[in-house]
Amino acid sequence: MSLVIFSKVHKIKPWIDALKKEAPDIEVMAYDKVEDNSKVLFALAWNHPRGIFKDYPNLKCVSSMGAGVDHIMFDPDIPEQVRIARIVDPLLSQDLAEFALSQIMNHLRGITHYKLLQQDSTWKKSMYLRISEVNVGIMGTGMIGNHVATFLSSCGFSVAGWGKNPGKPADYPRYHGTDQLDDFLQKTSILICLLPLTPDTKGILNKETLEKLPRGAFVINLGRGGHVVDDDLMEALNNGHLSGASLDVFEQEPLPADHPFWKHPKIQITPHVASLTTAASVAPQIIENYRRAIGNQPLLNLVNREQGY
Ligand code: GLV
């Protein structure tokens, strides 16, 4: 009766320790330590080896180790009966909100620009933008996008959201569906992408959509690298349509050393650190879902396999 961790990216020990602390009665191990596949009931996964889950005949649930499930959903070999869950952690939403604020303020006050001038000991002042002078548009109005929107509104930003569906009523304007995307983009001077990556949202930040943003707009991608068409973003930066971009996520991670994003003066790169899951913070909901999965109870934060998130 085991809970097994399938990740080559995470340090496994802190996860095993946090899960065992929460539930000393449950056997927890890394997938390369499993001797009998039939005992594996629950998988905790991040970038698992593709196709592996069909080798565990009694697997009931695959839970992501983070908020995103694209790395699980893009595996076509997950048996039908296996339910998929994700992490919903208020800490992660707040971390993303704080990171978004840091990138917006960096942009408004030109901090990256001054860092470049510093390299040549250049003292040269430029006027800055104020919070009251920009409109933030958030793509993705689920739990995380909504939290970021509410947080940025509380900091004085004018915020709007866009999502696939109308969603719940909110205190800020919400646009939805492809029909309202242009209108949303045209009113957005700072775009924050927090969408889930699905076949529908892949490449959504492309030449056509980026051109709809007003000249001088700034793009912050905290969703997935696959949301951006890299060449189209580079072109919009190079032709001056966009003033800059802050990218935390990339199609290929780590970002390859020869990728042109690294050296681009208008791109701020961070290594997928806008929010980092803390094992101790999410262990209680993973253990709760383990117990629900083996008891055939409804899961917390169940993923809709049709929708892909
Ligand atoms: C991070 O990218 C996550 O999905 O939690």
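Residues numbered from 1 in each chain as written. Predicted model: local features only at pLDDT ≥ 70, side-chain atom pairs only at ≥ 80, totals over all residues. Heavy atoms only, no water.

*Asks:* Looking at this structure, how should I read the site of the ligand?
*Replies:* Neighbouring the ligand are the residues Trp46, Gly66, Ala67, Gly68, Arg224 and His272. Between the ligand and Ala67, the relevant distance is 2.7 Å, taken from an oxygen atom to a main-chain nitrogen or oxygen of the residue. Look at the ligand: alone it shows 190 Å² of surface, and the protein chains cover 89% of it. Counted by class, the shell around the ligand contains two nonpolar, three polar and one charged residues. (Near = heavy atom within 4 Å. Polar contact = N/O pair within 3.5 Å; in protein donor to acceptor, adjacent residues only side chain to side chain. Areas by Shrake-Rupley, 256 points an atom, 1.4 Å probe, with all protein chains shown as cover. Nonpolar A, V, L, I, M, F, W, Y, C, P; charged D, E, K, R; others polar.)

*Asks:* What am I meant to see in the domain arrangement of the protein chain here?
*Replies:* Many authors give the size of an interface as the accessible area that is lost as the parts come together. The domains assigned to the protein chain are domain 1 (2-89 + 277-294) and domain 2 (90-269). Distance from the C-alpha centre of domain 1 to the C-alpha centre of domain 2: 31 Å. Residue-level contacts link 11 residues of domain 1 with 10 residues of domain 2. For the domain 1 face of the interface with domain 2, the top three residues by lost area are Asp70, Phe74 and Asp89, together amounting to 57%. Where domain 1 meets domain 2, there are one salt bridge. Between Arg224 and Asp70 there is a salt bridge; the shortest N-O distance is 2.9 Å. Counting the contacts that link domain 1 with domain 2 gives four residue pairs in polar contact (both at pLDDT 80 or more). Its residues assigned to classes, the side of domain 1 that touches domain 2 comprises five nonpolar, three polar and three charged. (Domains from an automatic or database assignment. Contact = heavy atoms within 4.5 Å. Buried area = accessible area lost by both parts, 1.4 Å probe. Salt bridge = Lys/Arg side-chain N within 4 Å of Asp/Glu carboxyl O.)

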